[in-house]
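# Notes for the structure review
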Amino acid sequence: MSALAATTFTVPPVEFGKLSPMLIAFGAATLGILVEALAPRAHRYRIQVGLALVGIAAAFGAVLALAKTGVEVVAQGSVAIDGTTLFLQGTILVIAFVGFLVIAERKTDQNQDAFAAQGASVPGSQAERDTTRKGWQTTEIYPLLMFSVGGMLLFPAANDLLTMFVALEVLSLPLYLVCGLARHRRLLSQEAALKYFLLGAFSSAFFLYGAAMLYGYAGSVNLAVIAQHVAHPDAGSTLLYAGLAMLGVGLLFKVGAAPFHMWTPDVYQGAPTPVTGFMAAATKIAAFGALVRVLDVGLGGSSAVAVWRPVLQAVAVITMLVGGILALTQRDIKRMLAYSAILNAGYLLIGVTSTTAQARAAVLFYLPVYGVAIIGAFAVVTLVRDAGGEATDLSRWAGLGKRAPIPAALLAVFLLAFAGIPFTSIFIGKFAIFQAALNAGAPALVIVAVLASALAAFFYLRVVVVMFFSDPLPDGPTIAHPSIAVKTALAVAAFATVALGIAPSLLLHLANNSAGILAK
Amino acid sequence: MPSSYAPLAATGTFALIAWVIAIPLAGAAILLLGGRRTNRFGHLLGCAASVGSFVLGAVLFFALLGKPGDQRSYDQHVYTWVPVPGFSADAGFHLDQLSIIFVLLITGVGSLIHIYSVGYMAHDEQRRKFFAYLNLFLAAMLVLVLADNYLLLYAGWEGVGLASYLLIGFWQHKPSAAVAAKKAFIVNRVGDVGLSLAVMLMYTTFGSFAFGPVFNGVSGAKTGTLTAIGLLLLLGACGKSAQFPLQSWLGDAMEGPTPVSALIHAATMVTAGVYLIVRSNAIFDAAPNARLVVTIVGAVTLMLGAIIGCAKDDIKKALAGSTMSQIGYMVLAAGLGPIGYVFAIMHLVTHGFFKAGLFLGAGSVMHGMNDDVNMRHYGALRKFMPWTYVTFGLGYLAIIGCPPFSGYWSKDKIIEAAFSQGGTSGWILGCTTLLGALITAFYMTRVMLMTFFGQKRWVADEQGHEPHPHESPWVMVVPMAVLAVGSVAAGALFSYHSAFVNWLEPVTGHSDGRLPFSDALLQVITLAVVALGVAYAWSLYGRQEVPAQAPAGAFATRAARRDLYGDAFNELVFMRTGQYLTRVLVYFDLKGVDGAVNGIAAGLGGSSGRLRRLQTGFVRSYALSMFGGATLLIAALLLVRG
């Protein structure tokens with residue numbers, strides 16, 4: 001009897017309330033699968049879109065309800081719910097909402113969405129033609145993307161490396177799939193998906209191996225425990241830093257830092273454009289959240305910072321140079337924006353390496369403002385169309401300002417923001433990051449970043465010049481008239497970009513307050 | 001000395017400050033974004049926004065009036081623009097005795113001119129856009145005078161520059177208007193660079209853009225720095241206020257519609273430079289050398305403008321020369337320091353009334369004369385346009401300084417202040433202002449006689465339409481009449497028990513100078529000088545008939561007709577040397593800089609091309625580079641660990 005009593009299993013308490021944003025997202029995704037199985041094909045689109053948007057809104061409501069939470073580590077120490085987590089979760093959900101509005105668009109392309117009628121059909125086959133003619137749609141993408149959103153919500157909250165790994169996989173796997181489902185240029189899309197998957201798997205292996213090494217070092221995958229061992233080392237640090245490096249490969253791959261960036265242009269170009277926009281914004285937010293947590297919580301001890309800081313600064317410099325220089329010669333607007341995303345990852349890394357609360361706040365501010373602008377930019381790309389899908393070659397955009405003043409003006413707003421022109425949100429974001437880096441004693445980094453910005457101004461403004469100062473092509477692309485949903489998304493993105501440049505203090509205060517609350 | 005700068009928080013009624021700006025801004029936004037849909041009521045909305053802003057301004061004025069003298073300074077913090085540690089830029093407004101004067105002048109005269117424009121622009125297809133720009137101007141100008149820091153002031157400064165550019169070039173289909181707009185913009189850039197440098201220098205010196213830290217920090221700053229700031233501020237003021245050597249744009253700016261000339265290029269925007277100097281009195285008080293330069297610039301412009309005004313046959317350009325000259329008076333007074341600040345502002349306000357009235361009168365005349373601006377084609381109009389004649393006449397009496405009209409009170413005080421300066425400079429400045437008064441009387445009498453008296457010299461326009469001069473509609477006459485009341489009464493009202501001096505003293509400080517001779521003697525001399533100017537003009541243009549063709553004229557006349565060769569000078573000194581310099585620079589640019597830049601660009605492009613080759617598209621090579629990167633990362637971390 002006594003032996004039995006000793007092995008009685010006690011149910012670990014799980015704080016469902018604190019986990020509710022993620023649970024709602026996963027719940028909506030699971031319901032979506034049921035809808036896919038049970039609802040008639042004709043109604044699926046409407047139900048799925050509604051379900052996804054309601055799920056995101058409900059999860060956002062849950063985040064707001066939790067907003068007063070201080071620092072709380074729940075689910076047996078594996079999930080940290082704190083100001084930083086909640087800020088990032090809220091941001092991801094807002095981005096996801098705007099992103100879904102663009103993803104669900106069916107008006108720009110003859111009442112079809114941006115996805116293949118049936119993912120399984122071979123490109124160019126009879127099956128493809130049949131399913132297209134019947135008007136089938138891959139409505140599975142909505143539950144898939146909701147799973148991804150759930151993973152993104154968990155990623156920056158994960159307080160141990162295994163949970164973080166699970167979150168990483170949950171957010172990545174659906175994205176691999178969705179990237180391969182473009183309606184037009186399907187082979188390019190499938191190639192992109194395969195590349196993304198292979199390299200993603202490769203980087204995940206690095207991440208897992210790194211987690212194992214850190215377990216070997218600290219005897220735990222919990223970030224708090226690792227932090228204790230860093231503060232009071234009782235063994236050599238080889239395992240620690242080798243583990244950190246490999247963990248870093250996985251995370252830097254996700255944020256798109258050099259030299260782990262090479263998937264970015266190929267995948268951004270091949271993926272359906274609305275998904276590219278969503279990915280570029282939301283994945284980056286989640287991945288930077290996770291990176292900040294690993295570095296500031298797990299390895300925030302001063303002895304560790306002194307080691308990884310210069311290395312990561314070098315990565316930041318290489319990332320900015322690669323992104324800035326390679327963007328110069330791009331002729332495809334999606335690839336250009338991909339390299340710009342790499343460049344921006346470099347700016348954000350400067351913020352991460354500065355390790356002060358001020359720098360963390362600057363990163364928190366930068367992520368949402370960059371996110372809405374990049375979603376907006378890709379949404380404009382979906383409107384400029386040729387017979388075979390979107391016209392992404394820059395030469396086709398000549399004189400767009402004369403033929404379609406409103407989309408061109410919106411894109412110009414986003415590009416000027418990327419270029420860091422004052423009175424745009426990203427100018428403030430850059431300013432905040434650079435100021436934090438200066439205060440943290442890294443002037444050299446700021447100089448490189450400013451030079452890279454000057455370089456970047458060239459390729460952003462080139463698009464503006466092509467749009468507004470060249471004559472329109474006689475056989476130029478057509479401009480699709482989007483639905484009210486996309487118009488709303490664009491309006492929100494443009495408004496946020498300008499308004500947060502003129503009155504950034506609202507969001508900056510929130511970011512400042514949130515960045516101060518981190519579960520260490 | 002003014003009391004130290006310590007404003008109170010704007011609560012209660014004073015929380016309305018931001019709304020004074022928000023209303024015209026909203027008007028401009030609605031009219032510009034609403035597009036053609038707002039055509040029908042655009043002009044009414046524009047007027048309503050302006051009048052609404054004026055009403056709020058009046059409410060604020062009476063609220064200030066109800067407070068004791070040391071409680072008339074309020075700060076309203078709107079929001080912090082960039083709240084990052086180590087740098088902060090706020091958006092906030094400051095209301096005190098000085099700014100409320102400007103608020104009332106801008107919105108008051110602005111409202112009258114809005115109403116006048118309803119009639120003046122009645123037949124213009126773009127009338128809605130015109131009102132949108134006017135509202136935009138009001139908002140920007142109000143930001144300029146209500147800002148509580150130099151950064152926001154600079155934003156307003158650029159805003160009025162933009163509005164001015166848009167309105168000068170409003171009839172852009174006329175090449176002359178387009179060129180004039182461009183000229184005004186470019187000349188103003190020179191001044192704007194000065195102001196922006198001044199603002200940056202202030203930030204590095206005082207660590208803040210806000211008025212408080214700057215003014216209260218003056219005592220701790222080096223005189224050299226303060227002089228530099230003062231001179232840079234003066235450069236900014238010269239651009240906006242058309243002072244020597246940046247005066248050349250104002251005459252051409254008359255290409256804009258006449259209400260614009262009245263509001264922006266006579267009554268308000270061009271006086272922004274005077275506001276800037278008076279507002280920065282703490283800096284100028286501590287930098288006597290900068291102040292000396294200010295008085296010199298004022299004196300030179302005062303003569304320059306007056307001489308140009310004598311020779312112009314274009315009624316608006318004659319008045320533009322006069323504006324330049326009158327602002328010269330104000331700048332000179334501001335340069336005199338505490339003796340003059342108050343009178344600079346007082347003359348600014350009275351000038352706002354009578355010059356706006358004169359311009360509206362000129363517009364009314366043009367309206368009746370097929371938009372002809374040449375005074376040699378006018379004559380005898382007093383019988384045909386009685387209201388215009390009377391209101392213009394009252395403005396005329398005010399500007400020449402005939403007692404008891406407005407200009408007499410304010411200009412006389414400036415002359416007095418100039419003599420009170422003492423020493424040689426006092427005599428020089430004083431005699432300059434007296435000479436200016438003589439010339440003012442001459443050229444204004446000339447304008448008056450050529451336009452309203454003598455024989456008809458009317459000519460048909462290019463399409464052969466004979467002019468049929470008639471009185472303008474009441475929407476145009478009423479604003480002229482209201483401004484005429486101001487031209488008559490404002491000066492006496494301000495001087496009653498030194499009301500104006502007492503009002504402004506807490507902001508600018510005031511000290512009475514000592515005249516080297518008796519006050520009465522100066523008054524007599526001044527009036528005699530004015531009478532002389534009138535009489536001489538009458539002997540030339542009243543007693544004998546004015547030729548319809550301009551005579552060749554003496555050398556001085558020819559020079560004045562060409563703006564005393566201001567443009568020629570600019571062309572020779574700046575444009576030619578500029579062109580030469582550009583050619584030299586282009587040469588070096590091609591040989592040296594371009595080599596370097598192209599080299600860098602080619603280098604970057606080349607490295608871009610080479611780096612691109614790494615992007616093979618093969619997943620295996622991507623994986624290999626990731627592997628390499630991972631190896632480097634591990635090696636680096638382990639190496640740094642040491």
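On a predicted model such as this, the values are computed, not experimentally measured, just so you know. (Residues numbered from 1 in each chain as written. Chains lettered and ligands numbered in written order. Predicted model: local features only at pLDDT ≥ 70, side-chain atom pairs only at ≥ 80, totals over all residues. Heavy atoms only, no water.)

## Quick word on the overall build of chain B
The helix and strand inventory of chain B stands at 24 helices and 3 strands. Relative to its length of 642 residues, chain B is compact, with a C-alpha radius of gyration of 28 Å against a globular reference of 26 Å. Overall size of chain B, expressed as C-alpha extent along the three principal axes, is 100 × 60 × 50 Å. Relative to its full complement of 642 residues, chain B shows a buried share of 55%. In chain B, the share of contacts with a sequence separation of at least 24, taken over all contacts with a separation of at least 6, comes to 81%. (Helix = DSSP H or I, 4+ residues; strand = E, 2+ residues; numbered from the N terminus. Rg over C-alpha atoms; globule rule 2.2 N^0.38 Å. Buried < 20%, exposed > 50% of the residue type's maximum accessible area, 1.4 Å probe, protein only. Contact = heavy atoms within 4.5 Å.)

## So, the overall build of chain A
Helices and strands together make up the secondary structure of chain A, namely 21 helices and 5 strands. Along the three orthogonal principal directions, the C-alpha set of chain A runs to about 80 × 60 × 40 Å. Counting every position in chain A, which comprises 520 residues, the buried fraction comes to 65%. In chain A, the share of contacts with a sequence separation of at least 24, taken over all contacts with a separation of at least 6, comes to 81%. Surface exposure of chain A reaches about 17,900 Å², of which carbon and sulfur atoms provide 70%. Charge separation in chain A, taken as the distance between the mean sites of 30 positive and 22 negative side-chain charges, equals 5 Å. (Areas by Shrake-Rupley, 256 points an atom, 1.4 Å probe, with all protein chains shown as cover. Lys, Arg positive; Asp, Glu negative; His and termini not counted. Charge placed at Lys NZ, Arg CZ, Asp CG, Glu CD.)

## Brief notes about the pattern of salt bridges
Residue and element names in this part refer to chain A. In this structure the tally under the stated criterion is 19 salt bridges over all chains. In this structure, Glu72 engages Lys18 in a salt bridge whose closest nitrogen and oxygen atoms are separated by 3.6 Å. Taken together, the positions of Glu72 in strand E1 (residues 72-74) and Lys18 in the loop between helix H1 (2-6) and helix H2 (20-38) put the pair 54 residues apart, joining distant regions of the chain. Put simply, Arg396 and Asp386 hold a salt bridge, and the shortest N to O gap is 2.8 Å. (Salt bridge = Lys/Arg side-chain N within 4 Å of Asp/Glu carboxyl O.)

## A word on the packing of helix H17 (residues 405-418) of chain A against helix H20 (residues 484-502) of chain A
Geometry of a packed helix pair, given as the angle between the helix axes and the separation of the axes. Residue and element names in this part refer to chain A. Remark: H17 packs on H20, axes separated minimally by 10 Å, with the N-to-C direction vectors making an angle of 40°. On the basis of the axis angle, H17 is oblique to H20. Crossing handedness for the pair H17 and H20: left-handed. Facing H17, whose interface residues are Leu410, Val413, Phe414 and Ala417, H20 presents Leu490, Ala493, Ala494, Thr497 and Val498. In terms of residue class, the contact of H17 with H20 is built from 8 nonpolar, 1 polar and no charged. (Axes fitted to C-alpha atoms, helices over the stretch in contact; angles between N-to-C directions. Parallel < 35°, antiparallel > 145°, perpendicular 65-115°, else oblique. Left-handed = near helix turned anticlockwise from the far one by under 90°. Nonpolar A, V, L, I, M, F, W, Y, C, P; charged D, E, K, R; others polar.)

## Topic: the UniProt feature "domain: NADH:quinone oxidoreductase/Mrp antiporter transmembrane" (unreviewed entry) in chain B
UniProt records the feature "domain: NADH:quinone oxidoreductase/Mrp antiporter transmembrane" (unreviewed entry) for residues 147-435 of chain B in the present numbering. In residues 147-435 of chain B, helix accounts for 76% and strand for 0%; the two terminal C-alpha atoms are 37 Å from one another. (UniProt positions renumbered as here; feature names shortened; annotations may be inferred.)

## Brief notes about the packing of aromatic side chains
Applying the stated criterion across every chain, the model contains 42 aromatic pairs over all chains. The interplanar angle of 70° and the centroid separation of 5.2 Å between the aromatic rings of Tyr408(B) and Trp409(B) together place this pair among those described as edge-to-face. Accessibility expressed as a relative area gives 13% for Tyr408(B), which makes it buried. Ring pairs connect the aromatic residues Tyr176(A), Tyr196(A), Phe197(A), Phe253(A), Trp263(A), Tyr268(A) and Phe378(A), which therefore count as one cluster. Just above the ring of Trp136(A) sits the side chain of Arg41(A); from NZ or CZ to the centre is 3.7 Å. (Phe/Tyr/Trp six-rings, centres within 6.5 Å; stacked < 30°, edge-to-face > 60°. Lys NZ or Arg CZ within 6 Å of the ring centre and 35° of its normal.)

## Section: the nonpolar core
Judged by nonpolar contacts, the single largest core of 397 residues is most densely connected at Phe100(A), Phe418(A) and Ile345(B). In terms of residue count, the dominant contributor to this core is helix H15 (residues 357-381) of chain A (18 residues). Setting aside residues no more than four positions away along its own chain, Phe100(A) makes contact with Ala52(A), Leu53(A), Ile56(A), Tyr142(A), Leu145(A), Met146(A), Val149(A) and Phe278(A). (Core = buried A, V, L, I, M, F, W, Y, C linked by side-chain atoms within 4.5 Å.)

## Some words on the UniProt feature "domain: NADH:quinone oxidoreductase/Mrp antiporter transmembrane" (unreviewed entry) in chain A
Using the residue numbers shown here, the UniProt feature "domain: NADH:quinone oxidoreductase/Mrp antiporter transmembrane" (unreviewed entry) corresponds to residues 158-455 of chain A. Here residues 158-455 of chain A is 78% helix and 2% strand, with 37 Å between the C-alpha atoms at its ends.

## Some remarks on helix H9 (residues 223-231) of chain A
Residues and elements named next belong to chain A. Where H9 is concerned, the buried positions are Leu223, Ile226, His229 and Val230. On an axial view of H9, the arc spanned by its buried residues comes to 120°, and they lie on one face. Looking at the buried side of H9, the elements it contacts are helix H7 (161-179), helix H8 (186-218), helix H10 (238-255), helix H12 (273-298) and helix H13 (302-328). Residue Asn222 occupies the N-cap position of H9, its side-chain oxygen lying 2.8 Å from the main-chain nitrogen of Ala224. (Arc of directions from axis to C-beta. Polar contact = N/O pair within 3.5 Å; in protein donor to acceptor, adjacent residues only side chain to side chain.)

## Overview of the interface of chain A and chain B
Counting residues at the interface gives 53 residues for chain A, matched by 33 residues for chain B. Taking both partners together, chain A and chain B bury about 3,600 Å²; carbon and sulfur atoms supply 77% of that area. When the buried surface of chain A facing chain B is broken down by residue, Met262(A), Val311(A) and Ile325(A) rank first, second and third, together holding 15% of it. Seen at the junction of chain A and chain B, the total is 0 salt bridges. The tally of links from chain A across to chain B stands at 4 residue pairs in polar contact (both at pLDDT 80 or more). Contributing elements (two or more residues each) for the side of chain A that touches chain B: H8, H10, helix H11 (263-270), H13, helix H14 (333-354), helix H18 (425-439), H20 and helix H21 (505-516) of chain A. When grouped by side-chain class, the residues that make up the side of chain A that touches chain B number 37 nonpolar, 12 polar and 4 charged. (Buried area = accessible area lost by both parts, 1.4 Å probe.)

## Structural notes on the sheet that holds strand E3 (residues 384-386) of chain A
Residue and element names in this part refer to chain A. Strand order in this open sheet of 3 strands is E4-E3-E5, and the pairing throughout is antiparallel. Across the chains shown, the open sheet's two edge strands, defined by having one partner strand only, are strand E4 (389-390) and strand E5 (478-479). Here E3 pairs with E4 via 2 bridges, running antiparallel. Along E4, the bridge assignment pairs Asp386 with Gly389. (Pairing = 2+ DSSP bridges.)

## Quick look at the environment of Gly224(B)
You can see Gly224(B) is positioned in helix H8 (residues 223-240). A relative accessible area of 52% places Gly224(B) in the exposed class.

## Quick word on unusual backbone geometry
With the exception of glycine, the majority of residues adopt a negative phi angle, and the majority of peptide bonds are in the trans configuration. Along the chain, Phe244(B) connects to Pro245(B) via a cis peptide bond; the corresponding omega equals 5°. Looking at the secondary structure, you find Pro245(B) in the loop between H8 and helix H9 (249-252). Cis geometry is adopted by the peptide bond preceding Pro404(B), which originates at Pro403(B) and carries an omega value of 5°. Mapped onto the secondary structure, Pro404(B) falls in the loop between helix H16 (386-400) and helix H17 (406-420). The backbone of Thr355(A) shows a phi angle near 55°, a positive value even though the residue is not glycine. Along the chain, the position of Thr355(A) falls in the loop between H14 and H15. Judged by its relative accessible area of 26%, Thr355(A) is partly exposed.

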